[in-house]
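The lines below spell out each chain.
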Amino acid sequence: MISPARPEVALAPSPSPALSRRETRGLKLASDSDLRTSQLKSVDLNRVIKLLEESNSNDKEERQLETLKKVMKQYETGLPLKDLAQIFKILNLCAEKIQDQDAFIEPTCEILKLCGLPFLKKKLSDEVNYTPVTLESIAQLGYLMRVPSSQVRIQIYLHSTSANYKIQMAELGGLAETLVLSLALVENQLAEKLWVLKALQHLSTSGVNCKLMMKAQAASRICSHLNDADPSGQLLFRSSEILWNLLENMSKEEVVNQLSNLECIYALKEVFMKLLMHGFRHYDRQLRNDLLVIATLIAENPGAPMIESGFTKQLILLATFSEVKSHNPLVKGFKLTYSYEDFELKKLLFNMVAVLAKDLCAVQLLNEGKVVLALFHYVKPNEKPGVHDWSVAQYEELQLHAIATLASVAPLLVDDYMTCQGNTRLLMFLEWCVGQDPFFGQGNCFHGAGGRGNKLAQMRYSLRVLRPVVSLCDEAVNLDLCDQGAINQLLDILKHITNKSKEKEDAIVLEIQTDILLILSTLCENDLHRKELFGCEGVDILIPFMKMDPNKLYSGLGHNRLLFSTLDSLWCCVMGCYIAEDYFLEKEGIFLLLDLLTLKQKNICNLILGILVEFCDNSKTASHINAWRGKKDQTAASLLIHLWKQEELELGVKHDQDGRIVDAKKPLVGSFQEQQGVIPMPANCPSIAIMEVSENMRAKIYSVLSKLGFENLPGLSAKDFVTLAIIRRYLDFKVGEVWSEICAELKEETFRPVTPDEEAMKVISEASENVGKMVATLQTQMLESQQHQELQEEEKVYSKIQAIHKQREMVNKSWENFLTRTSNYEALKKAKRLQEKSIDASRSKSRPQNATLHSTEIKGLNTTIASGRLVTVESTPSELTGGPLADTDLALRKLSVRGGALKKIKGVKVLDPFKKDSVSIK
């Protein structure tokens with residue numbers, strides 16, 4: 001056995017007083033045994049080497065052996081690093097003498113035992129200083145395999161990798177590679193081979209050693225001998241462990257490439273079948289499953305000759321024999337138990353079938369093995385769970401694994417799928433999934449994620465089978481599916497799942513919703529009757545998905561896939577059916593599409609614009625698009641023009657700062673297209689100008705705006721109209737661009753067209769350029785008109801400001817006049833005279849005969865404000881003047897006078913000098 005690692009340095013106790021200070025300093029890192037050894041008489045290793053190099057004789061042989069015993073006695077506690085080179089030279093000399101003298105076997109083994117001990121050092125720097133010597137010495141251990149002695153070979157691997165320092169040196173010295181190469185020397189010696197494999201098993205835990213082993217083709221060398229005779233079973237165990245270590249520490253592809261040959265696959269097949277048929281121990285079953293995993297990894301390599309070796313056929317038979325009756329003698333009488341190892345084997349075989357399905361060459365074998373029928377055995381509820389069968393949790397895991405495998409196999413074997421009535425089975429199973437039958441999923445396996453306590457996992461994988469089968473667009477399959485009411489059933493399932501998961505959405509539910517929508521899209525795409533079946537009920541389901549919170553698109557749960565599948569279903573299931581289209585419009589679906597368009601995500605925008613182009617064939621669509629308003633009252637036309645600008649900015653199309661055309665010859669060409677130039681291509685290949693149409697959104701934006709009409713588009717600025725002028729001529733510009741490419745290709749190919757064609761091409765090019773110049777002129781006129789209009793509006797604003805200032809001046813002047821009249825009595829009388837004069841001038845000169853004239857003035861009242869029913873006057877207090885109306889005729893006639901003043905009037909306040917009809921008196 002490999003000796004356990006020991007510490008390389010043992011700190012010494014306090015030095016003995018008998019030693020000098022110099023000796024103490026030199027031995028401060030030595031162990032107690034080193035101290036005792038240092039006090040013995042040292043053997044001169046150079047003299048030992050010289051003695052061993054002398055020719056052999058009986059006397060010298062005895063002396064040599066005696067000297068070797070002294071050497072071993074001297075270094076019984078370990079080999080110092082400083083003496084390592086001489087010790088290994090002695091070891092090599094002994095190994096050479098073994099061929100002629102067996103007496104040197106024992107000392108060679110004893111020296112190898114010493115190599116198994118940790119190396120000793122006097123100074124901390126010894127490991128660094130003696131690294132080259134140590135590397136070379138440890139590397140020589142592998143070359144000692146040439147010694148024709150089993151004792152020596154076993155002793156090499158018994159102690160070759162014990163201490164950490166020596167393991168590091170073994171990595172640097174390439175010992176692992178040497179050991180792999182030495183396998184060829186011990187191919188027929190089982191004991192030595194087992195010791196080599198044991199050493200490689202230990203070394204293969206290091207990535208560095210694995211790299212060295214792979215360099216020596218370790219995977220291929222070891223796998224090809226898996227089936228070698230070994231009663232103990234250690235060879236198979238250690239070999240499989242080494243292969244696993246290589247797979248874990250190295251590139252899986254590199255290891256599999258070494259195993260992908262007939263010799264390795266044959267050996268793997270024989271060992272696997274032997275363990276499967278005759279292994280009865282727990283260990284045998286575990287090892288069998290491990291080998292099947294390795295075989296699965298090999299099967300993933302397309303170049304592996306799995307079919308040629310016959311292994312594929314045997315694995316398919318084993319995967320299906322318990323579900324499909326077989327008379328093959330290989331499985332006659334064989335039966336799987338319900339142990340955990342056999343349960344794992346069943347899952348591994350299903351996984352192998354899924355891997356083999358990726359190789360089209362294996363499809364025929366899958367057909368012959370009736371794999372589809374075997375997998376459909378699990379597309380049903382577990383009706384008879386019992387003690388002598390798989391447990392409920394195991395059956396659920398096998399069921400989900402089988403359905404997942406069926407998703408890979410069914411699209412390849414459509415005939416088998418239809419023979420097994422796959423559509424009927426899946427629809428019935430989906431009906432069970434949404435039913436109320438008591439079922440509590442365990443959800444404790446890989447395929448059962450999210451299915452604990454429900455049937456979501458079963459529904460998820462059933463739809464995974466149905467989706468690729470429907471996507472084949474096989475009319476017989478899809479017709480059979482629709483005839484069984486699949487569209488209405490899928491809509492009901494979708495409604496059920498959506499209502500059930502309103503509170504909490506997870507990745508499983510979103511995947512189920514996405515798959516159902518994709519299936520419905522494929523079924524309804526080219527069939528009007530199926531679109532009518534989808535109808536208004538389907539539109540009601542799509543609308544909430546379109547109202548999805550945009551922030552959820554970045555959640556990572558799958559909302560983005562759900563939105564794409566929703567838009568795809570809208571295109572395939574609604575458009576073309578006028579009833580569904582009108583209902584979608586009634587539900588304000590166009591508004592929702594335009595709301596999604598404002599997100600300005602290019603991948604979504606392209607799809608939405610395509611839908612809008614198709615929807616515009618409906619005469620009611622244009623009014624909905626024009627009625628839409630976004631943030632800041634943005635219109636649909638403004639949004640589309642903004643998307644055009646953004647697209648041309650990304651393409652690098654040249655425009656000036658106002659958006660006008662710069663190059664009239666190439667108004668639509670971007671920087672990348674211009675740098676790529678013109679490449680002569682065959683006539684049946686689309687040119688760059690044609691391919692560009694499908695690679696960006698400009699063609700779709702032009703189509704939508706042309707359906708809306710380029711006149712009377714609301715909510716556009718002057719710069720929007722400048723861009724709109726380019727959009728309006730998009731088709732003319734694109735035609736000119738194609739003709740320009742044709743001319744460039746002819747020039748590139750040095751081909752001169754006939755004169756009439758050349759003249760026609762010249763006229764076409766000039767006409768295209770004239771259109772560009774005309775649009776540029778129109779854009780300039782638009783900008784100038786806008787500038788002139790802005791100037792006029794600016795003048796109107798200034799005029800309004802002036803009028804406001806003038807009005808304020810008049811008010812201020814009126815107030816000043818009022819203050820003057822109230823503070824200066826002479827000014828008041830003058831204003832009164834002017835007022836009376838103005839009143840007299842305004843009166844008619846001609847008076848009717850016998851007419852009685854009544855005066856409207858109050859005599860003696862000095863006010864310039866027209867009097868009404870009530871007069872509010874704010875004047876000097878009556879205590880000072882005798883009352884405000886003391887000198888008037890009205891006061892003398894109607895009111896009692898005391899001291900020339902009104903007694904009861906205490907104060908008069910003017911409320912508003914400009915109000916004539918509302919006067920209050922205090």
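Each chain carries its own residue numbering, running from 1 in the written order of its sequence. Since the coordinates come from a predicted model, pLDDT governs what is reported: local features require at least 70, and pairs of side-chain atoms require 80 or more to be given and counted, while whole-chain, interface and lining totals use all residues. The side-chain values count all of the structure's non-hydrogen atoms but skip hydrogen atoms and water molecules.

## Side note on the overall build of the protein chain
So, step 1. Check the secondary structure of the protein chain and you find 45 helices and zero strands.
So, step 2. Taken over 922 residues, the protein chain has a buried fraction of 46%.
So, step 3. Nonlocal contacts in the protein chain, meaning residues at least 24 apart in sequence, comprise 75% of its contacts between residues at least 6 apart.
So, step 4. Here the open area of atoms and residues is found with the Shrake-Rupley method and a 1.4 Å probe, where only the protein chains shown may cover a residue. Of the roughly 50,000 Å² that the protein chain leaves accessible, carbon and sulfur atoms contribute 53%. Only runs of H or I of at least four residues qualify as helices and only runs of E of at least two qualify as strands under DSSP, and these elements are numbered from the N terminus. Under the scheme applied here, a residue whose accessible area is under 20% of the maximum for its type counts as buried, over 50% as exposed, and between as partly exposed, the area being computed with a 1.4 Å probe on protein chains only. Contacts between residues were defined by any pair of non-hydrogen atoms, one from each residue, lying within 4.5 Å.

## Let's talk about the packing of helix α11 (residues 175-182) against helix α13 (residues 207-215)
So, step 1. Fitted lines through C-alpha atoms give the axes, limited to the stretch in contact for helices. The angle between two N-to-C directions lies from 0 to 180 degrees. Put simply, α11 and α13 touch, their axes get as near as 7 Å, and they point 35° apart. Taken as a pair, α11 and α13 cross one another with a handedness that is right-handed. Taking contact as the criterion, the partners of Ala176, Glu177 and Val180 in α11 are, on α13, Asn209, Leu212, Met213 and Lys215.
So, step 2. Basically, the charged four are Asp, Glu, Lys and Arg, the nonpolar ten are Ala, Val, Leu, Ile, Met, Phe, Trp, Tyr, Cys and Pro, and anything else, Gly included, counts as polar. Tallied by class, the residues present in the contact of α11 with α13 amount to four nonpolar, one polar and two charged. Handedness of a crossing follows from how the near helix is turned relative to the far one, being left-handed for an anticlockwise turn of less than a right angle and right-handed for a clockwise one.

## With respect to a nonpolar patch on the surface
So, step 1. A cluster of nonpolar side chains, namely Leu731, Val735, Trp739 and Ile742, defines an oily patch on the protein surface of about 330 Å² accessible area.
So, step 2. Relative to the assigned elements, Val735 resides in helix α41 (residues 730-748). The patch calculation keeps residues exceeding 30% relative accessible area without a salt bridge and links them within 9 Å when they carry like charges or within 5 Å when they are nonpolar (Val, Leu, Ile, Met, Phe, Trp, Tyr). For this document, the term salt bridge refers to a Lys or Arg side-chain nitrogen within 4 Å of an Asp or Glu carboxyl oxygen.

## Digging into the packing of aromatic side chains
When we look at a pair of aromatic rings, we describe it by the centre distance and by the angle of the planes.
So, step 1. Pairing of aromatic rings covers Phe, Tyr and Trp, the last through its six-membered ring, and needs centres within 6.5 Å; plane angles under 30 degrees mean stacked, over 60 mean edge-to-face, and all others mean tilted. Per the counting criterion, the structure on display carries 12 aromatic pairs.
So, step 2. Summarising the aromatic geometry, the rings of Tyr378 and Tyr395 are spaced 6.0 Å apart at their centres and angled 40° between planes, so their arrangement reads as tilted. Residue Tyr378 is found in the loop between α22 (371-376) and α23 (392-409), and its partner Tyr395 is found in helix α23; the two are separated by 17 residues along the sequence.
So, step 3. For Tyr378, a relative accessible area of 4% puts it in the buried group.
So, step 4. Following the ring pairs from residue to residue traces out a cluster consisting of Trp644, Tyr702, Phe710 and Tyr730.
So, step 5. Here, a charge over a ring is recorded when the distance from Lys NZ or Arg CZ to the ring centre is within 6 Å and its angle to the ring normal is within 35 degrees. Here the basic side chain of Lys455 rests over the ring of Trp432, its NZ or CZ set 4.5 Å away from the ring centre.
So, step 6. Over the face of the ring belonging to Trp644 we find Arg698, whose NZ or CZ atom lies 5.9 Å from the ring centre.

## Some details on helix α15 (residues 234-249)
At 3.6 residues per turn, the α-helix brings residues three or four places apart onto the same side.
So, step 1. What a helix should span is 1.5 Å times the count of its residues minus one. Under the 1.5 Å per step criterion, the end-to-end length of α15 is 22 Å for 16 residues, consistent within 8% with the ideal 22 Å.
So, step 2. Within α15, the full set of buried residues consists of Leu235, Leu236, Arg238, Ser239, Ser240, Ile242, Leu243, Asn245, Leu246 and Leu247.
So, step 3. Considering only its buried residues, α15 is in contact with α12 (190-203), α13, α14 (218-223), α16 (252-259), α17 (262-278) and α18 (282-299).

## Regarding the environment of Ala744
So, step 1. With respect to the helices, strands and loops of the structure, Ala744 is situated in helix α41.
So, step 2. Exposure remark for Ala744: the relative accessible area of 26% places this residue in the partly exposed category.
So, step 3. Counting along the chain gives 66 residues from Ala744 to Val678, while the straight-line C-alpha distance between them is 6.6 Å.

## Focus: the layout of surface pockets
So, step 1. In this analysis a 1.4 Å probe is tested at points of a 1 Å grid over the protein atoms alone, and where it fits but cannot get out there is a cavity; an open set with protein on both sides within 12 Å along at least five of seven lines is a pocket; lining residues have an atom within 4 Å of a point. Grid points are joined across faces, edges and corners, and a volume is the space filled by probe spheres set on the points. By volume, the second largest pocket is sized at about 690 Å³.
So, step 2. Around the second largest pocket sit 25 residues that line it, and Trp739, Ser740, Glu741, Cys743 and Ala744 are the ones nearest its centre.
So, step 3. Listed by contribution, the elements that provide at least two residues to the lining of the second largest pocket are α37 (671-676), α41 and α42 (755-823).
So, step 4. With nine residues, α41 is the single largest residue contributor to the lining of the second largest pocket.
So, step 5. Each residue belonging to the lining of the second largest pocket can be placed in one class, and the counts come to 10 nonpolar, six polar and nine charged.

## Points about the nonpolar core
Note that soluble globular proteins tend to have their nonpolar side chains buried in a common cluster.
So, step 1. Residues grouped as a nonpolar core are buried Ala, Val, Leu, Ile, Met, Phe, Trp, Tyr and Cys residues, joined through side-chain atoms within 4.5 Å. Counting 197 residues, the largest nonpolar core has Phe584, Leu593 and Leu597 as the members making the most contacts within it.
So, step 2. If one sorts the elements of this core by residue count, helix α29 (residues 507-524) sits on top with 10 residues.
So, step 3. Not counting residues up to four positions away in its chain, the partners in contact with Leu593 are Met546, Leu567, Leu570, Phe584, Ile608, Ile611 and Leu612.
So, step 4. The next biggest cluster of nonpolar side chains, apart from the first, holds 20 residues, and it includes Leu52, Met72, Leu84 and Cys94.

## What about α16?
So, step 1. Looking only at α16, the buried set comprises Val255, Val256, Gln258 and Leu259. Taken down its axis, α16 places every buried residue within 160° of arc, on the same side.
So, step 2. Against α13, α14, α15, α17 and α18 lie the buried residues of α16. Each direction from the helix axis to a C-beta atom contributes to the arc, which is the arc of those directions.

## Regarding the side chain of Arg530
So, step 1. Relative to the elements of secondary structure, Arg530 occurs in helix α30 (residues 528-546).
So, step 2. Non-local contacts of Arg530, meaning those with residues more than four positions away in its chain, are made with Glu475, Asn478, Leu479, Cys482, Ile487, Leu523 and Cys524.

## Considering a negative patch on the surface
So, step 1. Under this rule, positive means Lys or Arg and negative means Asp or Glu; His and the chain ends count for nothing. Note that the charge is assigned to NZ on lysines, CZ on arginines, CG on aspartates and CD on glutamates. A grouping of Glu790, Glu793, Glu794 and Glu795 is seen on the molecular surface, where their side chains present a negatively charged patch.
So, step 2. Here Glu793 shows up in helix α42.
So, step 3. Among the residues examined, Glu793 registers a relative accessible area of 44% and is labelled partly exposed.

## Here we look at the pattern of salt bridges
So, step 1. Enumeration over the complete set of coordinates arrives at 30 salt bridges.
So, step 2. Residue Lys602 pairs with Glu647 through a salt bridge whose shortest N-O separation is 3.4 Å. Taken together, the residues Lys602 in helix α34 (residues 602-615) and Glu647 in helix α36 (residues 636-651) connect sequence positions 45 residues apart.
So, step 3. Residues participating in the shared-partner salt-bridge network are Glu648, Glu692, Arg698, Lys734 and Glu737.

## Considering unusual backbone geometry
So, step 1. Of note in this structure, Glu588 is not a glycine but carries a positive phi near 60°.
So, step 2. Structurally, Glu588 is set in the loop between α32 (578-586) and α33 (589-597).
So, step 3. Even without glycine at this site, Asp633 takes up a positive phi of about 60°.

## Structural notes on the environment of Leu731
So, step 1. As for its position among the elements, Leu731 is in helix α41.
So, step 2. The class for Leu731 is partly exposed, based on a relative accessible area of 48%.
So, step 3. Remark: the alpha-carbon pair of Leu731 and Ser703, spanning 28 residues in sequence, is separated by 9.8 Å.

## A short note on the side chain of His559
So, step 1. Assignment of secondary structure puts His559 in helix α31 (residues 559-574).
So, step 2. According to the relative accessible area criterion, His559 is buried, its value standing at 4%.
So, step 3. Two N or O atoms form a polar contact when they lie within 3.5 Å of each other; inside protein one atom must be a possible hydrogen donor and the other a possible acceptor, and for residues adjacent in sequence the pair counts only when both atoms belong to side chains. A polar contact of 3.0 Å, which involves the side chain of His559, links it to the side chain of Ser555.
So, step 4. In contact with His559, not counting residues within four places along its chain, are Glu505, Leu510, Met548, Lys552 and Leu553.

## Focus: the packing of α30 against α31
So, step 1. Two numbers describe how α30 lies on α31: the axes approach to 10 Å, and their chain directions differ by 150°. Comparing the axis directions of α30 and α31 gives the class roughly antiparallel. Judged by the twist between their axes, the crossing of α30 over α31 is left-handed. On the side of α30, the interface is formed by Lys531, Phe534, Val539, Leu542, Phe545 and Met546, while α31 contributes Leu562, Leu563, Thr566, Ser569, Leu570, Cys572, Cys573 and Val574.
So, step 2. Its residues assigned to classes, the contact of α30 with α31 shows 11 nonpolar, two polar and one charged. Angular relationships are summarised with four words: roughly parallel below 35 degrees, roughly antiparallel beyond 145, roughly perpendicular across 65 to 115, and oblique for the angles in between.

## Some thoughts on the state of the cysteines
Covalent bonding between the sulfur atoms of two cysteines is what defines a disulfide.
So, step 1. Count a disulfide wherever a pair of cysteine sulfur atoms falls within 2.5 Å. Evaluated as defined, the whole model comprises zero disulfides.
So, step 2. A disulfide-free cysteine, Cys473 has its sulfur positioned 10.0 Å from the sulfur of Cys572, the nearest such atom.

## Re the confidence of the model for the protein chain
So, step 1. The quantity known as pLDDT measures the predictor's confidence residue by residue, on a range of 0 to 100. Scored by pLDDT, the protein chain comes out at a mean of 80, with 77% of its residues at no less than 70.
So, step 2. Scored below 50 in pLDDT, residues 1-41 shows 55 contacts in the model against residues more than four places distant or in partner chains.

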